[in-house]
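# Understanding the architecture of this molecule
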Amino acid sequence: MINLDNYSSIFIANWKLNGNYSFLKEYYEKLKVNSNNCTIICSSSIYLQSLKGNNKNLFCGAQDVSLFKEGAYTGELSASMLRDNNIDFCLVGHSERRQYFAETNNNVKTKSLNLIEENIIPVICIGETLEQKENNLTEEILFTQIKESIPNSATHQNALIAYEPVWAIGTGLTPTLDEINQVHELIKNFDQKFINYKVLYGGSVKSSNSKEITELTHVDGCLIGGASLKVDEFNTIIS
Ligand code: PGA
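As a starting point, this report considers the structure included with it. (Residues numbered from 1 in each chain as written. Predicted model: local features only at pLDDT ≥ 70, side-chain atom pairs only at ≥ 80, totals over all residues. Heavy atoms only, no water.)

The helix and strand inventory of the chain stands at 9 helices and 8 strands. Relative to the globule expectation of 18 Å for 239 residues, the C-alpha radius of gyration of the chain, 16 Å, shows essentially globular dimensions. Within the span of the chain, comprising 239 residues, buried residues form 51% of the whole. Here the contacts in the chain between residues at least 6 apart in sequence split such that 71% fall between residues at least 24 apart. Put simply, the chain shows about 11,400 Å² of open surface, and 46% of that area lies on carbon and sulfur atoms. With 20 positive and 28 negative side-chain charges, the chain shows a separation of 5 Å between the mean positions of the two kinds. (Helix = DSSP H or I, 4+ residues; strand = E, 2+ residues; numbered from the N terminus. Rg over C-alpha atoms; globule rule 2.2 N^0.38 Å. Buried < 20%, exposed > 50% of the residue type's maximum accessible area, 1.4 Å probe, protein only. Contact = heavy atoms within 4.5 Å. Areas by Shrake-Rupley, 256 points an atom, 1.4 Å probe, with all protein chains shown as cover. Lys, Arg positive; Asp, Glu negative; His and termini not counted. Charge placed at Lys NZ, Arg CZ, Asp CG, Glu CD.)

So, in structure tokens, the structure goes:
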């Protein structure tokens, strides 16, 4: 089992629906992982077998998993299939999945449970929309997402939380540093059980802001979309 406490920071590249074999080849040729940190690359399913890991500080991640364990579910990919392909992490409940694929908190919980059973670390994504933020609902929304999306079997050793304000994803906008730190503290204090969880920040992280975000007391790493597609930029972030 991967010991998440061994790393000072965790960085996850979420390539989303991008990449191909030549992109992958060049990426891994240029990628420079930092030995104190944990770096995880999450590709589209079809490229999962081509991802590279070293079981030390570089790991392979999926972007989604089926709700179902096996059976007549055409087109799906189960947690045990991910395990069979040496996938150690999987994003769950990313806001794009919640928004475009109608994924509910309950779905996120089932998927996380299935992953934990297969010894895969779910990266459980939560975050408020701009409208919710403007109506001062951030706290309420996050608490509901946490309560309903995180299974009882999750612990700080087998699951990660990613706080991604929906309005910050792919927009170039970010909360202030104080806001990020406060929300992360809030998440960790929601219940005693979350105190030791690693909580990553995601939403418009780039090389110019990653250092100050990662240095915040309650931030344990970052989930990076757009900027993770440029390997030089990603190298700067993870260094
Ligand atoms: P972004 O995406 O870094 O492009 O804002 C983050 C994410 O969607 O995980």
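The subject of this paragraph is the environment of A162. Inspection of the secondary structure assignment puts A162 in strand β6 (residues 160-163). A residue is classified by how much of its surface remains accessible, and A162, at 0% relative accessible area, is buried. As for A162 and L17, which are separated by 145 residues in sequence, their C-alpha atoms are 19 Å apart. For A162, the residues in contact, after removing those within four places along its chain, are V123, I124, C125, I126, L200 and L223.

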